[in-house]
Amino acid sequence: MLNRRNWIYLALMVVLLLGVTGVFAQDAPSGELEVFSWWTGGGEALGLEAMIARFSELYPDVTVVNAAVAGGSGVNARAVLTTRMLGGDPPDTFQVHAGEELNAVWVAAGLMQPLNDIYEANGWLEQYPQGLLDLITDEEGNIYVVPVNIHRSNVLWYNPAKLEEWGVTVPTTWDEFIATCATLAEAGVPAMAIGENWTQVHLWESVALGVLGADGYNGLWDGTTSWTSPEVISTFETLGAVMDCANEDMNSLSWQDASQRVINGEAAFNIMGDWAAGYFIADLGLEPNVDFGWAASPGTSGNFIFLSDTFGLPVGSPNPTAVNAWLSFIGSAEAQDIFNPLKGSLPANTTADIGNADLYNAYFQSAYTDWTSNSIVGSLAHGVVAAPAFSNAFAGLIASFQGDGDAQSIAANAALLAIQTGMAQ
Amino acid sequence: MSRGSKDRMIAILMLSPSVVLLAIFVYGFIGSTAYMSLTNLSTQMQLSEQLRKAQEKFIGLGNYNSFMTSPLDSRFRIGFVNTLFFTLLFILVCLVVGLLLAILLDQKIKGESIFRTIFLFPMALSFVVTGVVWRWLFNQNSGINLLPTLVGFPAGTFAWHTSQDQILQFDWVNFPIIVSILVVVIVVLPSLWYIVRQRSRIAMFILALALLANTYLLLIAAPGLRSAMVRPETHGFNLALLAVVLAAGWQMSGYTMAMYLAGLRGISEELREAARVDGCTEFGVYRRIIFPLLAPITLSAIIILGHISLKIFDLVYSMGGGDLLSIDMPGMFMWFETYRGFLPARGAAVAIIMLLLVAVVIIPYLWSSLRGEPENE
């Protein structure tokens, strides 16, 4: 039973709670802002914290809660996010990859609020690349998220000094790569460093683009390229040949382990997104063009596989005023110049200070040139081109393929999967 | 109101909250999971009433059929076969090592409590910690493979949890036949023996069930699978599982040791002395006296270890990173289907299959212990 003193306590708590949750809210953003992401380590965590610090200077009344969930390319974070959304407890704003990962789930379920007002108020429609805007806009012209960065997936990393020592050059086609592999085998060096399952899917998308070209690659996702065509089968055969040229312990390596093998001279090449540049420079203290070199992955020169991290405003967000302020901030050139040099990615906003060599190192200068001049396609491994139902099952297919090496059967299975998930007829 | 009925009223009142909670939060949710597994529900439909109305369909056993036959779901079958082999080996290792340790500790050695603590200690760790530590130890080029080099031998080459080697291979279409042979060996023959020797009613009932199951397996499941499978599909015992068995066995053997040790302490010294006086050898004492008395403990240990291993997730997830099929388990498939593929209906179907697997282990135990109670009174 509650006695009188407890009643007073209870009443006090209710009053306090009402005050905190903003019953007396004003127009200026205030209160708590929960930012949900999977940026928990290395440069990405530093970048997020730096953005939050600057945001807190601009909006001292807003308390930012950094709700980051650790774990391999966001799988765990998405599980937590899904549970919270289902339970009617959405975070104020959350990180999501641009493309199908956003569209097939959150937009399809009608849970994202259009942000066109923010875009118009800040003049972003002219500042963001049209191709990127198309991916985050629905048929009615609603834009749902604000991209903070651009990553490139199809990058081949190497160690220039080691290549010279072994007497090999950077291959520009997969046929050249296989030939190089034979040369390196004589020196006892694996030609490719590969890591755990998702890095193998990541490798396959580079192979597929190199073999099929941009049109053929895009056709996989809109149903115009047949999964069982000889060209697509040959992408898997090439993947098998590349795996034969690689380290045998791939399943026990993280992407960092695999990339580091190239630096250590334990493997000649590695295909990884350009967060590897951030890792080389920030974590290993290496010099671009000296300690490590890069090129477009074989056969993909002139093509750019991109992925982009974005934030949006979910329906039921507890503090939309603060989210508006946050989104207006992170889409600005200022915020992107704070975040991207630390995270190791390109700014999505074209008015960012990309020419500033103090902020963006030699790698990002060259990547930005490619971003603005290449033909742009989306990444499969990072949620741009296919719905989660497809990419989840495709990861399993690649895992089976790694065991049996059967290119015919993985192509047939992928074709069936594309039909089941509604990507092809 | 008589005193007896008042007591009964109070008992009912005291019990009803937990009965109601159990009914809702255990059986209610099992029911809703079972129903969900018969639909095509996706996360998008869960999130949006509109999508749900437009797209949700009752598809009967569609998800289950797909797990058993679809070429896209070979991952489920790999995990299913893995979990059977793993459970068998894991229980065996834990029982043998646990019993051995318990017998050694029972020799009234000095510092017994220190050893007991050491052996029991791994159980205090989370499976995630065990998984990470053993992943490092099993690393092909830097872990325990290097141990032989300390004494001048060449380094080991076994790839442990990343090994792709497989033994005891069979084609998936033969799975029902293999199961039915096992049913004959494990269930039919022993129950026949009980029927002949003891005229046991229960054994007759079990025999009837087993024969029914075998009829289904051989006449319906086997031909059905044969016509539904598109391609031959090899499964077998992945040697990579040895690494998981070692890690899990390391963690849980101490627990079985503690159970056995308690059992050993419960056997009176007089009993052993009497056996020795009757001319029994020390080995005979164990074989004729101690092991039979430890049988109920073995049964409890099998139940507890069995339900741990059938549901295992955290250990393999932290050892293999998730997509390592050679050590894949149904729990992993359930997690990925639900949270990475956004297909909770398929996840629910896996959950129901896991529940049935655990039920196979637990229900006979519950049945026998419930039947046993009135006799004890």
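Owing to the predicted nature of the structure, the values given are computational and were not obtained by experimental measurement. (Residues numbered from 1 in each chain as written. Chains lettered and ligands numbered in written order. Predicted model: local features only at pLDDT ≥ 70, side-chain atom pairs only at ≥ 80, totals over all residues.)

**Things to note about the overall build of chain B**
Across its full length, chain B carries 16 helices and two strands. If one aligns the C-alpha atoms of chain B with their principal axes, the spans along those axes are about 85 × 80 × 45 Å. Burial analysis of chain B (377 residues in total) assigns 33% to the buried set. Partitioning the intrachain contacts of chain B with sequence separation of at least 6 by distance along the chain shows that 71% fall at a separation of at least 24. (Helix = DSSP H or I, 4+ residues; strand = E, 2+ residues; numbered from the N terminus. Buried ≥ 20, exposed ≤ 12 C-beta atoms within 10 Å, placed from the backbone. Contact = placed C-beta atoms within 7 Å.)

**A few points about the nonpolar core**
The biggest cluster of nonpolar side chains holds 207 residues, and the ones touching the most others in it are W157, M192, F269 and F394 of chain A together with V244 and V316 of chain B. Of the residues forming this core, the biggest block, 13 residues, is contributed by helix α11 (residues 240-266) of chain B. (Core = buried A, V, L, I, M, F, W, Y, C linked by C-beta atoms within 7 Å.)

**A short note on the interface of chain B and chain A**
Taken together, the contact pairs 30 residues of chain B with 30 residues of chain A. At the level of elements, α2 (43-47), α3 (49-55), α5 (74-105) and α15 (330-340) of chain B are the ones that each hand at least two residues to the side of chain B that touches chain A. Broken down by element, the residue count for the side of chain B that touches chain A peaks at four residues, all from α2 of chain B. Across the side of chain B that touches chain A, the residue classes tally to 11 nonpolar, 14 polar and five charged. (Nonpolar A, V, L, I, M, F, W, Y, C, P; charged D, E, K, R; others polar.)

**With respect to the domain arrangement of chain A**
Residue and element names in this part refer to chain A. Partitioning chain A into domains gives domain 1 (28-150 + 308-375) and domain 2 (152-306 + 380-420). Taken together, the contacts link 24 residues of domain 1 with 25 residues of domain 2. The greatest single-element share of the side of domain 1 that touches domain 2, amounting to five residues, is contributed by helix α16 (residues 362-373). Within the side of domain 1 that touches domain 2, the residues separate by chemical class into eight nonpolar, 12 polar and four charged. (Domains from an automatic or database assignment.)

**Digging into the confidence of the model for chain A**
All names here are of chain A. Per-residue confidence for chain A averages 89 on the pLDDT scale, and 93% of its residues sit at or above 70. Ranking the helices and strands of chain A by mean pLDDT puts strand β6 (residues 155-158) first, with 96, and helix α1 (residues 4-20) last, with 58. Below pLDDT 50 for its whole length, residues 19-26 participates in four contacts with residues either more than four positions away or in separate chains. (pLDDT = per-residue confidence, 0-100.)

**Topic: the packing of helix α11 (residues 230-244) of chain A against helix α18 (residues 407-420) of chain A**
Residue and element names in this part refer to chain A. Look at α11 against α18: their axes get within 9 Å of each other, and the N-to-C directions meet at 130°. Relative to α18, the element α11 is oriented oblique. As α11 packs across α18, the resulting crossing turns out to be right-handed. In this structure, α11 contributes V232, I233, F236, E237 and G240 to the contact, and α18 contributes A407, Q408, I410 and A411. Split into classes, the residues belonging to the contact of α11 with α18 amount to six nonpolar, two polar and one charged. (Axes fitted to C-alpha atoms, helices over the stretch in contact; angles between N-to-C directions. Parallel < 35°, antiparallel > 145°, perpendicular 65-115°, else oblique. Left-handed = near helix turned anticlockwise from the far one by under 90°.)

**Some details on the environment of L137 of chain B**
Residues and elements named next belong to chain B. Within the fold, L137 resides in helix α7 (residues 127-138). With 73 residues separating them along the chain, L137 and A210 place their C-alpha atoms 44 Å apart. Setting aside anything within four residues of it in sequence, one finds L137 in contact with G143 and I144.

**Brief notes about the sheet that holds strand β10 (residues 309-312) of chain A**
All names here are of chain A. Spatially, the five strands line up as an open sheet ordered β2-β1-β3-β10-β4, and their pairing is mixed. The open sheet has two edge strands with one neighbour each: β2 (62-68) and β4 (145-147). Put simply, the sheet's adjacent strands are angled 25° from each other on average, direction ignored. Contacts between helix α4 (residues 100-107) and the sheet are confined to β3 (93-97), β4 and β10, with β3 contributing the most and set at about 125° to the helix. (Pairing = 2+ DSSP bridges.)

**Considerations on the sheet that holds strand β8 (residues 293-296) of chain A**
Residue and element names in this part refer to chain A. If you trace the three strands from one edge of the open sheet to the other, you get β7-β6-β8, paired in antiparallel fashion. Edge strands, defined here as strands with exactly one partner in the open sheet, are β7 (269-271) and β8. The sheet shows a mean angle of 25° between the axes of neighbouring strands, direction not considered. Relative to β7, β6 runs antiparallel, the two being bridged by three bridges. Note that in β7 the partner of L156 across the bridge is I271.

**Section: the confidence of the model for chain B**
Detail in the predicted coordinates should be disregarded across regions flagged by low pLDDT. All names here are of chain B. Averaged over every residue, the pLDDT of chain B is 89; the share at 70 or more is 98%. Averaged pLDDT values over the elements of chain B bottom out at 82 in helix α16 (residues 344-376) and peak at 94 in α5. For this predicted complex, the interface confidence comes out at an ipTM of 0.84, alongside a pTM of 0.86.

**Some thoughts on α11 of chain A**
Residues and elements named next belong to chain A. In this model, α11 (15 residues) spans 21 Å end to end at C-alpha, consistent with the 21 Å of a helix rising 1.5 Å per residue. All of the buried residues in α11 are V232, T235, F236, T238, L239 and V242. Here the buried residues of α11 occupy an arc of 155° about the axis, which is enough to place them on one side. Buried positions along α11 lie against α9 (174-187), α10 (197-222), α17 (388-404) and α18. (Expected span 1.5 Å × (residues − 1). Arc of directions from axis to C-beta.)

**Some details on the pairing of strand β1 (residues 166-171) of chain B**
Residue and element names in this part refer to chain B. For β1, a buried count of zero out of six residues is recorded, marking the element as mostly open to its surroundings. Looking at chain direction, β1 and strand β2 (residues 234-238) are connected through four bridges and run antiparallel. Residue pairing for β2: I167 is matched across the bridge by F237.

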